[in-house]
Amino acid sequence: MLAYVIPLCMAVLGVAAVLNVVRLVQGPDMPDRVLALDTLYINALALIVLFGIWLASDLFFEAALLIAVMGFVSTVAVGKHLLHGDIID
Amino acid sequence: MRSRWLPSPALTVLLALLWLLLHNTLSFGHLLLGLFLGWGIPLLVRGFLIEVPTIRKPLKLCLFTLKVLYDIVIANMQVAKLVLGPKKNLRPAFIEVPMAIENEFALATLASIISLTPGTVSACLSPDRRMLMVHALDVPDIDALIADVKRNYEAPLLEIFECSPT
Amino acid sequence: MPFWIEVLVSVFLIIGSLFALIGAIGLYRLPDFYTRLHGPTKATTLGVGGVVIASMIFFSNQNDSLSLHELLITLFLFLTAPVSAHILAKAAMQQKLPAVEQTRGKPWD
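To start, this report covers the structure provided alongside it. Keep in mind that what you see is a predicted model, and the values were worked out from it rather than measured. (Residues numbered from 1 in each chain as written. Chains lettered and ligands numbered in written order. Predicted model: local features only at pLDDT ≥ 70, side-chain atom pairs only at ≥ 80, totals over all residues. Heavy atoms only, no water.)

## Details of the overall build of chain C
Here is step 1 of the chain: Summing up its helical and strand segments, chain C has four helices and zero strands in all.
Here is step 2 of the chain: Starting at the N terminus and walking to the C terminus, you meet the elements of chain C as α-α-α-α.
Here is step 3 of the chain: Here chain C has a C-alpha radius of gyration of 18 Å; the compact-globule value for 109 residues is 13 Å, and the former is much larger.
Here is step 4 of the chain: Overall, chain C is about 60 × 25 × 15 Å in size when its C-alpha atoms are taken along their principal axes.
Here is step 5 of the chain: The 109 residues of chain C split such that 61% are buried.
Here is step 6 of the chain: When contacts within chain C are restricted to residue pairs at least 6 apart in sequence, long-range pairs at least 24 apart make up 64% of them.
Here is step 7 of the chain: Summed over all atoms, the accessible surface of chain C reaches about 4200 Å², with 67% contributed by carbon and sulfur.
Here is step 8 of the chain: Positive and negative charge centroids in chain C, built from 7 and 6 side chains respectively, lie 17 Å apart. (Helix = DSSP H or I, 4+ residues; strand = E, 2+ residues; numbered from the N terminus. Rg over C-alpha atoms; globule rule 2.2 N^0.38 Å. Buried < 20%, exposed > 50% of the residue type's maximum accessible area, 1.4 Å probe, protein only. Contact = heavy atoms within 4.5 Å. Areas by Shrake-Rupley, 256 points an atom, 1.4 Å probe, with all protein chains shown as cover. Lys, Arg positive; Asp, Glu negative; His and termini not counted. Charge placed at Lys NZ, Arg CZ, Asp CG, Glu CD.)

Right under this line is the structure:
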């Protein structure tokens, strides 16, 4: 059963990622693009966890956690830049 | 409580727990290492730590956490329905909610909870920390939403954390 | 693997990925930035939560020991999603991004 469910879920998450990319390319303003990139990060994280289940391997956990941390820090940094034109204040 | 060599015991325990969780074990060596890190890291960053108010009612805190988790799931159902429904039916609004909480930590908690629950995102806090600007996706009645936030989230937080309402 | 665990994992996986898809649809089709902000902060966070719970059940069953470390990802996302949403909303309000017609109480006029 999992052999069918996991590819299905991967396809669903793939569609979600494509929608995010459309918004990333199209997005009329800067905050839209940053938001799309942040969502893309989180979707990629879900895909990696899913891939870990597919391979039944524990190794992907660290990668997923690192992606979560990187995504948050980069979003906050770009947000700060949009707010002040400066990252460290 | 706040001695020089152990700035915050609760943070030490929390960091040790997180370390054990990260390694997915419960061995004695990792427990020691986690406790050491939990002792060292707060010492290094104590200049940045903010005062966490003491918790008066731990049981109430647990119940409140469960209720918030439940609300998050319900909120997601509502947002899903709004997102998939026709766009014309949306009634978005910017709402100013007056805040009765003064404490930094409780205020941050409340703002996060508002962001995660029913169709609202906290957008901007006024410089004097009295007004929180909230953007809501679909509100039929603005006053009802303000009363809802105050009753469901603000009052329990005031009750749980030991901080005086203004 | 027992059948019921397989069913449980599948259910959580499907719920999680559907919520992630709903978040992405919200990001794609809602009319202005402020309404778009709602999709990712709520739906996507819960979507990842669902996938992570499925992974937790799967590995706990596979390794015959409780596997809780995936909870860290969910915890981290639940702590950080409101913060990034708040910062982006603030940036958008500072740049006075247009809101849709029917929005009430625009803060900048």
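## Points about the environment of Leu37(A)
Residue and element names in this part refer to chain A.
Here is step 1 of the chain: By the element assignment, leucine 37 lies in helix α2 (residues 30-55).
Here is step 2 of the chain: Owing to a relative accessible area of 40%, leucine 37 belongs among the partly exposed residues under this scheme.
Here is step 3 of the chain: Distance from leucine 37 to asparagine 20, taken between C-alpha atoms, is 7.4 Å for residues 17 residues apart in sequence.

## Some details on the packing of aromatic side chains
How two aromatic rings sit relative to each other is given by the distance of their centres and the angle of their planes.
Here is step 1 of the chain: Applying the stated rule across the entire model yields six aromatic pairs over all chains.
Here is step 2 of the chain: Measuring from ring centre to ring centre gives 6.0 Å for Phe36(B) and Trp39(B), while their planes differ by 45°; the resulting arrangement is tilted. With a gap of three residues between them, Phe36(B) and Trp39(B) both fall in helix α2 (residues 28-44), about one helical turn apart.
Here is step 3 of the chain: Between Phe33(C) and Tyr34(C), the aromatic rings sit 5.7 Å apart at their centres with planes inclined by 80°, giving edge-to-face as the arrangement. (Phe/Tyr/Trp six-rings, centres within 6.5 Å; stacked < 30°, edge-to-face > 60°.)

## A word on the interface of chain C and chain A
Here is step 1 of the chain: Facing 47 residues of chain C, the contacting portion of chain A comprises 45 residues.
Here is step 2 of the chain: Counting the surface chain C buries against chain A, the share from its top three residues, Leu27(C), Tyr28(C) and Leu88(C), is 13%.
Here is step 3 of the chain: At the boundary of chain C with chain A, the tally comes to one salt bridge.
Here is step 4 of the chain: A salt bridge links Asp32(A) to Arg36(C); its shortest N-O distance comes to 2.3 Å.
Here is step 5 of the chain: Our enumeration of links across chain C and chain A arrives at six residue pairs in polar contact (both at pLDDT 80 or more).
Here is step 6 of the chain: Going through the elements one at a time, α1 (3-29), α2 (33-36), α3 (38-63) and α4 (71-94) of chain C are the ones with two or more residues in the side of chain C that touches chain A.
Here is step 7 of the chain: Top contributing element to the side of chain C that touches chain A by residue count: α1(C), with 15 residues.
Here is step 8 of the chain: Residues of the side of chain C that touches chain A, tallied by class, amount to 32 nonpolar, 11 polar and four charged. (Buried area = accessible area lost by both parts, 1.4 Å probe. Salt bridge = Lys/Arg side-chain N within 4 Å of Asp/Glu carboxyl O. Polar contact = N/O pair within 3.5 Å; in protein donor to acceptor, adjacent residues only side chain to side chain. Nonpolar A, V, L, I, M, F, W, Y, C, P; charged D, E, K, R; others polar.)

## Re helix α3 (residues 58-84) of chain B
Here is step 1 of the chain: With 27 residues, α3(B) extends 39 Å between its outermost C-alpha atoms, agreeing within 8% with the 39 Å of an ideal straight helix rising 1.5 Å per residue.
Here is step 2 of the chain: Within the sequence span of α3(B), burial applies to Phe64(B), Val68(B), Asp71(B), Ile72(B), Ala75(B), Asn76(B), Val79(B), Ala80(B) and Val83(B). (Expected span 1.5 Å × (residues − 1).)

## Quick notes on the pairing of strand β3 (residues 131-136) of chain B
All names here are of chain B.
Here is step 1 of the chain: Among the six residues of β3, five are classified as buried, and the element is accordingly described as predominantly covered.
Here is step 2 of the chain: As defined by bridge partners, strand β1 (residues 93-98) adjoins β3 across six bridges and the pair is classed as antiparallel. Its bridge partner lying in β3, isoleucine 95 is registered against valine 134.
Here is step 3 of the chain: With five bridges connecting them, strand β2 (residues 120-125) and β3 associate as antiparallel partners. Bridging from a neighbouring strand, leucine 125 pairs with leucine 132 of β3. (Pairing = 2+ DSSP bridges.)

## Some remarks on unusual backbone geometry
Here is step 1 of the chain: Positive phi outside glycine occurs at Ala56(A), with the angle close to 50°.
Here is step 2 of the chain: Looking at where Ala56(A) falls in the secondary structure, it is placed in the loop between α2 and α3 (60-84).

## A word on a nonpolar patch on the surface
All names here are of chain B.
Here is step 1 of the chain: Where nonpolar side chains cluster on the molecular surface, the patch consists of Trp5, Leu6, Leu33, Phe36 and Trp39 and spans about 520 Å² of accessible area.
Here is step 2 of the chain: Assignment of secondary structure puts leucine 33 in helix α2.
Here is step 3 of the chain: Residue leucine 33 is classed as partly exposed on the basis of its relative accessible area of 37%. (Patch = residues over 30% accessible without salt bridge, like charges linked within 9 Å, V, L, I, M, F, W, Y side chains within 5 Å.)

## Focus: the interface of chain C and chain B
Often the size quoted for an interface is simply the accessible area lost on bringing the parts together.
Here is step 1 of the chain: On the side of chain B, 39 residues touch chain C, which itself brings 36 residues to the contact.
Here is step 2 of the chain: Taking both sides of the interface into account, the surface hidden between chain C and chain B amounts to around 3300 Å²; carbon and sulfur atoms contribute 71%.
Here is step 3 of the chain: Inspection of the region where chain C meets chain B yields zero salt bridges.
Here is step 4 of the chain: Counting every contact that joins chain C to chain B gives five residue pairs in polar contact (both at pLDDT 80 or more).
Here is step 5 of the chain: Residue assignment for the side of chain C that touches chain B shows that the elements contributing at least two residues are α1, α2, α3 and α4 of chain C.

## What to know about empty space enclosed by the protein
Here is step 1 of the chain: The full count for this structure, using the stated rule, is three cavities of 30 Å³ or more.
Here is step 2 of the chain: Empty space within the largest cavity amounts to approximately 90 Å³.
Here is step 3 of the chain: Of the residues contributing to the lining of the largest cavity, the split by class is eight nonpolar, three polar and one charged.
Here is step 4 of the chain: Here the second largest cavity defines a volume of roughly 70 Å³.
Here is step 5 of the chain: Contributing to the lining of the second largest cavity are Val49(A), Gly52(A), Ser57(A), Asp58(A), Phe60(A), Phe61(A), Ser55(C), Phe59(C), Glu70(C) and Ile73(C).
Here is step 6 of the chain: Mapped onto the lining of the second largest cavity, the elements with two or more residues apiece are α2 and α3 of chain A together with α3 of chain C. (1 Å grid on protein atoms, 1.4 Å probe; cavity = no way out; pocket = protein on both sides within 12 Å on 5 of 7 lines; lining within 4 Å. Points joined across faces, edges and corners; volume = space filled by probe spheres on them.)

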